[in-house]
Amino acid sequence: MQNPLKINVLLLESNLKVRTHLVSLLRKLGCLDVNIAKSTHDLVAQLKQHNFDLLLMDFDSSEYSNGNDFIRYLISQSLLADHCKVLFLSDQPERVLTDLAFRYITTEVIDKPIDQIKLKQLLKEHESSAKRLKLMFAQLNNANNEQKEAVLAHAHFIGLTTAQHNELQLIRASQELKIGQVNSALKTVKSINLAGQQASAQLAIYNLIGDEKKLKLTLLKMQSLNLLARKQALYKVKIFLQHNDYYQILVTFNQLPEVSYSAHEAQLKSIFIFETESLPTSIEYLERKLKTTLENHHYLTIILFSMMQVALLDYCLSNHNNALTSQLCSQQVKKIIKQLLSLHNQDHFQAYLPFFKLLLECVALDGDALKQDKVQLNRQLQQLLMRIDDHLKQFFCLVAAVLLRDKETAATVFHQKMRLHGMMDISAQSMAFDYFMQKLFEQINQDEEHRASCYNQWAIEKQQQQQSFMALDLFSKAHFLAPTNPVYLLNLLNTMQVLKLTKFWRFEQQDLLTTAYKLKMTQPQQQRLLQLKQYSEIML
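Residues numbered from 1 in each chain as written. Predicted model: local features only at pLDDT ≥ 70, side-chain atom pairs only at ≥ 80, totals over all residues. Heavy atoms only, no water.

Student: Can you lay out unusual backbone geometry for me, pointing to particular residues and giving the numbers?
Tutor: With omega at -10 degrees, the peptide bond leading from lysine 112 into proline 113 counts as cis. Non-glycine residue asparagine 244 carries a positive phi angle of around 55 degrees. Secondary-structure assignment places asparagine 244 in the loop between α11 (229-242) and α12 (246-254). At lysine 500, a position not held by glycine, the phi torsion is positive, near 60 degrees. In this structure, lysine 500 sits in the loop between α24 (486-498) and β6 (503-504). (Helix = DSSP H or I, 4+ residues; strand = E, 2+ residues; numbered from the N terminus.)

Put into structure tokens, the structure is as follows:
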């Protein structure tokens, strides 16, 4: 046996034979602390209890659509320790690299069959960096913003490999963003000497700060270098989505090979088919995707849930309120539930059954019955709100609130919308979920002034939680909906200046200042505007 490696590993593998082989191999290479997870449920339970240095798992499994989607789920639930590396096993490494979940710690992939020399090298490299990273993250977690700047400024280690150097720069950039140091983060990212990794980080930052021009330039640079085609496509979709250009989104998707779509990418494409064509065409597309695999139940489950989500969204947006359309929607949802139960069993979906029941009851009601039964169904909805533990249940609760015309509950559910990605990441799943939730919220809150007020209040809450970029996004939405409200405009300007940004997507700081001087303001607001103008002149 090799010299013991001081690194604790969590291995996810359901197959006994493969699991036994991998455990034996890891111990032969010096990993004595190897923990085993036989399922994703088991893995999540262990991550909640312990911090691990390395997560070793197969990229493809019947329990998730692909490894990147599953890692994004773990990130959204804050289950991965900051220093934990992910190592994928795959016989198609190019599939892994097309859309890696953006993490501060880099994700590695090792080919099947496993090259023992390469695996040993990766293990030893991570052992040497894990100790340093744990120490640095401990210092950052116990520091204020000023102290964090000092820690990051002096985060220099000697004897680093190229991969470890790049990893350190990613960590520094992400931490600098968390304390609002955008320019420092961009400067740090430039020192990464792997083109794909550098471009991926730059895309993430430009998307976060709303710099559409530099985002597009980076996409062109990646295209010329033939880098990360899938990530390019997703960021292009993000830009087109900003402008509601659904046709161009479909053009972008169609440039990718259809057979390689993940379940969430198929879901996202179905949404834009729905927007540009019709519900039947969207459902037909998803039904074709159901036939692409007979083995991966997780993939099929996502496609079936996508069909249900599109059908429910269409019903909510169409304002159908008659027995025939209600019956058609109910039949469609019941058919999908039956297909889901045929894939798994009722025990597997036990937690979803009350949500399905509430949805069907809400859809089945016509206008007259709604007035009589609203109180009872609303009571059921309030009880289910306490049982939301994933984004699908949250979506179902928002649909129920829309059908019950309960604006207050709908606003609460939308405000507490789960994040399905990290601060510097973007994914097909998160874009699809955000689309569904946004459409439903706009449907029940068609008063733009009211929506603007909600966004402004939620942005203030994000500021208090030191989530500046989320606050900036919400302030921009409030200003867009109510451009003559001086409170929203000043809040947007103030947040941009705190983050040292002269532009955020469509909003230029100088244009905002010009608009502000045309608005009627109170004396304190005028004083604040003068301060913002003076600070803007200093920056320029």
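Student: If you had to explain the nonpolar core to someone new, which residues and values would you point to?
Tutor: Judged by nonpolar contacts, the single largest core of 148 residues is most densely connected at Leu177, Leu268, Phe272, Met308, Leu312, Phe395 and Phe396. Looking at this core element by element, the count peaks at 13 residues for helix α15 (residues 297-317). Excluding anything up to four places from it in sequence, phenylalanine 272 contacts Val237, Leu241, Tyr246, Ile249, Leu250 and Phe253. Within the second largest apolar cluster, 25 residues are counted, among which are Ala37, Phe70, Val86 and Leu100. (Core = buried A, V, L, I, M, F, W, Y, C linked by side-chain atoms within 4.5 Å. Buried < 20%, exposed > 50% of the residue type's maximum accessible area, 1.4 Å probe, protein only. Contact = heavy atoms within 4.5 Å.)

Student: Just give me the short version of the sheet that holds strand β4 (residues 85-90), but keep the residues and values in it.
Tutor: Read from one edge of the open sheet, five strands run β2-β1-β3-β4-β5, paired in parallel fashion. Each edge of the open sheet is held by one strand with a lone partner, namely β2 (34-37) and β5 (107-111). On average, each strand axis in the sheet is tilted by 20 degrees relative to the strand beside it, whichever way the strands run. As paired elements, strand β3 (residues 54-58) and β4 share five bridges and run parallel to each other. In the sheet register, leucine 55 faces β4, and the bridge partner there is valine 86. Along the sheet face, helix α2 (residues 40-49) touches β1 (9-12), β2 and β3 and points at about 135 degrees away from the line of β2. (Pairing = 2+ DSSP bridges. Axes fitted to C-alpha atoms, helices over the stretch in contact; angles between N-to-C directions.)

Student: Any details on the packing of α15 against helix α19 (residues 391-403)? Residues and values, ideally.
Tutor: Two quantities define a packed helix pair, namely the angle between the helix axes and the distance between the axes. Put simply, α15 and α19 touch, their axes get as near as 11 Å, and they point 20 degrees apart. Taken together, α15 and α19 sit at an angle that is classed as roughly parallel. Viewed along their axes, α15 and α19 form a crossing whose handedness is left-handed. For the pair α15 and α19, contact is made by Phe305, Met308, Gln309, Leu312, Tyr315 and Cys316 and by Leu392, Phe395, Phe396, Val399, Val402 and Leu403, respectively. (Parallel < 35°, antiparallel > 145°, perpendicular 65-115°, else oblique. Left-handed = near helix turned anticlockwise from the far one by under 90°.)

Student: Residue-level account of the environment of serine 306, with values.
Tutor: For serine 306, the position within the fold is in helix α15. C-alpha separation for the pair serine 306 and isoleucine 283, spaced 23 residues apart in sequence, amounts to 8.9 Å. Each residue touching serine 306, except ones within four places of it in the same chain, is listed here: Gln267 and Leu286.

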